[in-house]
Amino acid sequence: MVSGVLWHIAEAMTKSSRDNLNLNIRLLNSADFSMFWPVRLLALQESPHAFGASYEESLAMSEQEAVSRLSPKDGGFILGAFADQLVGIAGLARQPGIKVRHKATIWGVYVVPTARGRGIARLLFEDLLARCQAVEGLEEVVLSVVTTNQAAKELYLSLGFEVYGLEKRALKVDNEYFDEELMTRAIT
Ligand SMILES: CC(C)(COP(=O)(O)OP(=O)(O)OC[C@H]1O[C@@H](n2cnc3c(N)ncnc32)[C@H](O)[C@@H]1OP(=O)(O)O)[C@@H](O)C(=O)NCCC(=O)NCCS
């Protein structure tokens, strides 16, 4: 059933990519679950090297657990980019502890394949970074990106992220290891 839903998204995106995108970026909440979750699963299935989470484990999650992703706490949020339907997602996660609440992690950055190369990830990020400025006490955002993911690295560098470290063998996918660059950007 899920693969049918994913096929439907891919087909719909092909049609959407022929038209001019009329993009709307907004916060997602639990009411958006039926749109968010198929896109999240598509991301994990289609780009297994880009994310720490796995498609198989996410597919096996209970709906309650999956829905809880859409109710982040402590200033975290998930953004969605809509062009008729959901075409891009990006999340911010923050821990509550007083020693770590000055920083937050960007996760789950994804644009569906047929909507790529049209500036959607850049617009999502600009919106995300602007919203970060309103998160009380937040001074810095961090993310990690597989070293071979040129498109994502170019995007992040162009938005002012800097590399501050390298995690060797950060991911192991089908017995192959992937290193990740750790990146940071100040929120001023
Ligand atoms: C990475 C990703 C989010 C980019 O989305 P997108 O909407 O196509 O990106 P945009 O069109 O907004 O491009 C923004 C910038 O990204 C970079 N970029 C995007 N595609 C690129 C490519 N194929 N090669 C090199 N750089 C690329 C460029 O710097 C681009 O800016 P420019 O158009 O001014 O040159 C998308 O390819 C994706 O979802 N990939 C799979 C999942 C993934 O890798 N997520 C990131 C995990 S860290």
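Residues numbered from 1 in each chain as written. Predicted model: local features only at pLDDT ≥ 70, side-chain atom pairs only at ≥ 80, totals over all residues. Heavy atoms only, no water.

## Details of unusual backbone geometry
At step 1: The phi torsion at Asp174 lies on the positive side, around 50 degrees, for a residue other than glycine.
At step 2: Tracing the sequence through the fold places Asp174 in the loop between β6 (162–173) and β7 (176–186).
At step 3: For Asp174, a relative accessible area of 74% corresponds to the exposed category.
At step 4: Look at Asn175: it is not a glycine, yet its phi comes out positive at around 70 degrees.
At step 5: You can call Asn175 exposed: its relative accessible area is 66%. (Helix = DSSP H or I, 4+ residues; strand = E, 2+ residues; numbered from the N terminus. Buried < 20%, exposed > 50% of the residue type's maximum accessible area, 1.4 Å probe, protein only.)

## Some details on the nonpolar core
At step 1: Formed by 52 residues in total, the largest nonpolar core has its most connected members in Leu92, Ile106, Phe125, Leu128, Val141, Tyr156 and Phe161.
At step 2: Contributions of two or more residues to this core are made by α2 (33–46), β2 (77–83), β3 (85–93), β4 (103–111), α5 (120–132), β5 (140–146) and α6 (150–158).
At step 3: At eight residues, the largest contribution of residues to this core is made by α2.
At step 4: Aside from chain neighbours lying at most four places away, what touches Leu92 is Gly75, Gly76, Phe77, Ala104, Thr105, Ile106, Trp107, Leu128, Cys132, Leu138 and Val141. (Core = buried A, V, L, I, M, F, W, Y, C linked by side-chain atoms within 4.5 Å. Contact = heavy atoms within 4.5 Å.)

## Let's talk about the environment of Thr148
At step 1: Its place among the elements puts Thr148 in the loop between β5 and α6.
At step 2: The spatial distance from the C-alpha of Thr148 to the C-alpha of Glu181 is 9.6 Å, given a sequence separation of 33 residues.

## What to know about the site of the ligand
At step 1: In the vicinity of the ligand, 21 residues are found, and the nearest of them are Val109, Gly117, Gly119, Arg122 and Asn149.
At step 2: Between the ligand and Val109, the relevant distance is 2.8 Å, taken from a nitrogen atom to a main-chain nitrogen or oxygen of the residue.
At step 3: Contact between the ligand and Arg122: an oxygen atom at 2.7 Å from a side-chain N or O atom of the residue.
At step 4: In isolation the ligand offers 920 Å² of accessible surface; the protein chains occlude 71% of this area.
At step 5: For the shell around the ligand, the elements supplying multiple residues, two or more each, are β4, α5, β5 and α6.
At step 6: Take the shell around the ligand: its biggest share by element is five residues, from α6.
At step 7: Considering only residue class, the shell around the ligand consists of 12 nonpolar, five polar and four charged. (Near = heavy atom within 4 Å. Polar contact = N/O pair within 3.5 Å; in protein donor to acceptor, adjacent residues only side chain to side chain. Areas by Shrake-Rupley, 256 points an atom, 1.4 Å probe, with all protein chains shown as cover. Nonpolar A, V, L, I, M, F, W, Y, C, P; charged D, E, K, R; others polar.)

## Focus on the packing of aromatic side chains
At step 1: This structure, assessed with the given rule, holds six aromatic pairs.
At step 2: Between the aromatic rings of Phe51 and Tyr110, the centroid separation amounts to 6.3 Å while the plane-to-plane angle is 65 degrees, which identifies the pairing as edge-to-face. Taken together, the positions of Phe51 in the loop between α2 and α3 (55–59) and Tyr110 in strand β4 put the pair 59 residues apart, joining distant regions of the chain. We note that Phe51, like Tyr110, is buried. (Phe/Tyr/Trp six-rings, centres within 6.5 Å; stacked < 30°, edge-to-face > 60°.)

## Some thoughts on the confidence of the model for the protein chain
At step 1: Per-residue pLDDT for the protein chain has a mean of 90; in total, 89% of the residues score no lower than 70.
At step 2: Here residues 10–19 is a poorly scored stretch, pLDDT under 50, and it has 14 contacts once near neighbours within four places are set aside; other chains count. (pLDDT = per-residue confidence, 0-100.)

## Looking at the pattern of salt bridges
Oppositely charged side chains can form a pair if their charged atoms are brought close together.
At step 1: Evaluated as defined, the whole model comprises six salt bridges.
At step 2: The salt bridge involving Glu46 is made with Arg116; its shortest N-O contact spans 2.9 Å. Of the two residues, Glu46 sits in helix α2 while Arg116 sits in the loop between β4 and α5, which places them 70 residues apart along the sequence.
At step 3: Two residues, Lys168 and Asp179, come together in a salt bridge whose shortest N-O distance is 3.4 Å. (Salt bridge = Lys/Arg side-chain N within 4 Å of Asp/Glu carboxyl O.)

## Some words on the pairing of β5
Two faces, one strand: in a regular strand the side chains alternate between the faces of the sheet.
At step 1: The buried count for β5 comes to five of seven residues, which makes it a mostly enclosed element.
At step 2: The sheet contact formed by β4 and β5 spans three bridges and is parallel. Within β5, the residue paired with Thr105 across the bridge is Val142.
At step 3: The sheet contact formed by β5 and β7 spans seven bridges and is antiparallel. From the neighbouring strand, Val141 faces β7, where its bridge partner is Arg185. (Pairing = 2+ DSSP bridges.)

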